[in-house]
Structure formats: structure tokens, C-alpha cells
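Coordinate inspection notes
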Amino acid sequence: MNIDKNAMALFVKVVENNSFSKAARREGVPVSTVSRKIMDLEKALDVRLLERSTRKLRLTETGQDYYERCRRGLEEFEAANLLITDQQAEVSGRLRISVPPSLSDVIIIPMIKAFQEEYPKVIVQCLVTDRRVDHISDGVDLSLRVGELRDSSLVARRLLRYRAVLVASPGYLAWAGVPKHPSELPLHGLVAFSQWDTTVRWDLEKGEETEKVEIEPQIAINDYASIQRAVIDGRGISEIPSIVCGMALKDGSLVEVMPDWQFAPTTIAAIYPSNRNLSRVVRLFRDFCVERFPSMAPNAKLA
């Protein structure tokens, strides 16, 4: 099958811009050329990639899968082209990132430290917030986000997939006893990640079994570092991401409760508006995160 690689790249640009005309303008080619290239690509593949209407474009299911693979391939080509430049020139500049509170001290500070050891002239500004930032209006180059990406105008590179775990201190369990089933959790002291909600639901799975446990935590905090401190101090049982509590589990400050019952896996991804608009510093940090992120959480329970 003889596929035009330029047509594949144009297909990615059309999807990223959600428009033939915008993609054509940014690539400096006529709209008719872009349209013809995409039609030729669909003909060569013998499949429809885009549903077109007068107002919007929509990826077909096959088109979505094809786009993801083409995008990754295009990023690799661009990274290869930048490799020589990156090796020959000194890297400097300012990097603005956004991270959720649960990652700031556990992973991000070590990540920034390691990055700046390789690129000491890069200045890093980090916004710690649990809200979804607007990359344009907030001036954020790249954000680290927990959970699945729902905004198709952004690009996501998965960094890590992990599970949260139920944990408690050894002292608390010696005093209160060890629960054997999720239904026993409401009988215990509980600490939960929450804002102003009076009740929290924990969904736990064991094979084909699922338990949805409604709890009323004695302490509710929207910061996992504080939750971990409270649990280590014997305030009860809590759900904590394994990337946060991995070291405490390793040194024995915390122990896992009911390890056979598991939470659904969670994804951490690097989010940014478009590959085309990424500066050299942002590209380097993105690739650095992809390569190093798993090693920054060696004790995490990966999924």
C-alpha cells in the first residue's frame, strides 16, 4: 500500500485545527490541496476518516484510531528532526507548567530538579491547582492532568497509569481492627479526598464483584499530602493514589487495607494545545516526562 506521508501529516493538522481552511492557512497551502490530499488518503486506505458537513468535521471511529497513530508518528518525526538541533545548541528559556496538588511535592519537584540538571538555563514556573486550566488565557505551556482528556482541541501524552489504594497506619489497624469487606468501611474512621461534599463514594472491584460504598468521612480534605499525614497519624482509613503513598507503604508508615479490592485505574497525561506551536523547551520537557515519569514513582501500583 503506497500511502502519501505528507497526506498523513495534513490529516493530523486538519484534525488538530478542526478545519480544512485553518490547517491550510497554517501550512501555507491552498485549501483545495488539503482537501484533495485527504480524499486521496481515504481512497488509498479505502476507508472514510472524516465525516464532513458545512459547519464541522467529525472523526469516524476508524479515523480516530488512525489519527492517534499518525499523530504519534508525526511527533516522532519532528522529534528526530529536532534531535540534532537540541544536541548542538544550548537550551534556555522559560517553561510554564500546571500540576494538580497531589503531584506537586511527590513527583513534580524531583522531575523539575532532574530536568534543570540537564538544562540548567531553563526557568520553570509551576502553577499548582486542581482546576482545569485554559492553556491560552492562563499562559500555561503544558499541564499534567489526572483522568481522561475530554477536550479534543488538546493533545495528550500518557505518562503513567496507576491505581489508588486503601491504606491505614499499623497503629490504627491494631486499635480498630482490619476490615475484611468494603461494607465494613463505614464502621471505621475515614479520611477522604473531597471539598464540601458530606458524603463520598468509593467504588471497589474484586474480579467480577463491584462494591459502591457511600461513606461520611470524619475528615475531608482536597489535598492528598494532608490526607496521607492524617492517615499516618492514625486518623483512619483512606483512599490515596499509589504514586503519593508509595514511599510510606515501602517504609511501613502505611499498610494497604483489603488489597484484593481495587479502585479503577487512573491516567496521568501531559496536556498541551498543539504540537505545531510547542517551543523547543516545552518539547524537551514533554519528552523528558514521557521518559522519566515512571521512574519518579517507583513504588506506585501501576495498572
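The present account deals with the structure reproduced in this document. The structure displayed is predicted, hence computed values, not measured ones.

Observations concerning the overall build of the protein chain
When helices and strands are tallied, the protein chain shows nine helices and 14 strands. The principal-axis extents of the C-alpha atoms in the protein chain amount to approximately 75 × 45 × 35 Å. Sequence-distant contacts in the protein chain: of pairs separated by 6 or more residues, those separated by 24 or more amount to 74%. About 16400 Å² of surface is accessible on the protein chain, with carbon and sulfur atoms providing 49% of the total. Separation between the mean location of the 41 positive side-chain charges and that of the 41 negative ones in the protein chain comes to 7 Å.

Here we look at unusual backbone geometry
In most cases, non-glycine residues show a negative phi, while peptide bonds are predominantly trans. The phi angle at N18 is positive, at roughly 55°, despite the residue not being glycine. You can see N18 is positioned in the loop between α1 (5-17) and α2 (20-27). Phi is positive for D46, close to 60°, though the residue is something other than glycine. As for its placement among the helices and strands, D46 is situated in the loop between α3 (31-45) and β1 (50-52).

Focus on the environment of E27
Along the chain, E27 turns up in helix α2. With relative accessibility at 29%, the residue E27 sits in the partly exposed group. In this structure, the C-alpha to C-alpha distance between E27 and K13, residues 14 residues apart in sequence, is 8.5 Å.

Side note on the sheet that holds strand β3 (residues 92-99)
Spatially, five strands are ordered β4-β3-β5-β14-β6 in an open sheet, and the strand pairing comes out mixed. Strands at the two margins of the open sheet, each flanked by one partner only, are β4 (121-128) and β6 (155-162). Taking each pair of neighbouring strands and ignoring which way they run, the sheet shows an average axis angle of 20°. For β3 and β4, the ladder comprises eight bridges, and the chain directions are parallel. Bridge pairing links S98 to L127 in β4.

What about the pattern of salt bridges?
In total, this model carries 13 salt bridges according to the counting rule given. In this structure, the salt-bridge partner of E75 is R71, at a minimum N-O distance of 3.1 Å. Taken together, the residues span about one helical turn, with E75 and R71 both in helix α4 (residues 61-88) at a distance of four residues. The residue D287 makes a salt bridge to R286 at a minimum N-O spacing of 3.0 Å. Looking at D287, the relative accessible area reads 30%, which means it is partly exposed. Among the charged side chains, a salt-bridge network with shared partners connects E68, R71, E75 and R157.

Notes on the packing of helix α7 (residues 224-232) against helix α8 (residues 242-251)
Where α7 contacts α8, the two axes come as close as 10 Å, and the packing angle between them is 30°. The pairing of α7 with α8 is recorded here as roughly parallel in orientation. Two packed elements cross with a definite hand, and for α7 against α8 that hand is right-handed. Residues Y224, Q228 and I232 of α7 pack against V244, C245 and A248 of α8. The residue makeup of the contact of α7 with α8, split by class, is five nonpolar, one polar and no charged.

With respect to the environment of M8
Relative to the helices and strands, M8 resides in helix α1. Residue M8 is classed as partly exposed on the basis of its relative accessible area of 21%. Aside from chain neighbours lying at most four places away, what touches M8 is I3, L41, Y66 and C70.

Observations concerning the sheet that holds strand β7 (residues 164-168)
Strand order across the open sheet formed by five strands is β11-β8-β12-β7-β13, with mixed pairing between neighbours. Two strands close off the open sheet at either side, each with one partner strand: β11 (219-221) and β13 (255-256). Across two bridges, the pairing between strand β8 (residues 190-193) and strand β12 (residues 237-241) is parallel. By the bridge assignment for β12, L190 is matched with I237. Lying over the sheet, α7 contacts β7, β8, β11 and β12, oriented at roughly 140° with respect to β12. On the sheet, α8 packs against β7, β12 and β13 and is oriented at approximately 115° with respect to β12.

Regarding the pairing of strand β14 (residues 266-272)
Within β14, six of the seven residues are buried, which leaves it mostly tucked inside the rest of the structure. The sheet contact formed by strand β5 (residues 142-146) and β14 spans four bridges and is antiparallel. Pairing of S143 across the sheet is with I271, part of β14. Two strands pair when backbone bridges link them, and β6 and β14 are joined in this way by seven bridges, in the antiparallel orientation. Bridging from a neighbouring strand, R158 pairs with A269 of β14.

Here is what the cut-offs are and how they apply
- Residues numbered from 1 in each chain as written.
- Predicted model: local features only at pLDDT ≥ 70, side-chain atom pairs only at ≥ 80, totals over all residues.
- Heavy atoms only, no water.
- Helix = DSSP H or I, 4+ residues; strand = E, 2+ residues; numbered from the N terminus.
- Contact = heavy atoms within 4.5 Å.
- Areas by Shrake-Rupley, 256 points an atom, 1.4 Å probe, with all protein chains shown as cover.
- Lys, Arg positive; Asp, Glu negative; His and termini not counted.
- Charge placed at Lys NZ, Arg CZ, Asp CG, Glu CD.
- Buried < 20%, exposed > 50% of the residue type's maximum accessible area, 1.4 Å probe, protein only.
- Pairing = 2+ DSSP bridges.
- Axes fitted to C-alpha atoms, helices over the stretch in contact; angles between N-to-C directions.
- Salt bridge = Lys/Arg side-chain N within 4 Å of Asp/Glu carboxyl O.
- Parallel < 35°, antiparallel > 145°, perpendicular 65-115°, else oblique.
- Left-handed = near helix turned anticlockwise from the far one by under 90°.
- Nonpolar A, V, L, I, M, F, W, Y, C, P; charged D, E, K, R; others polar.

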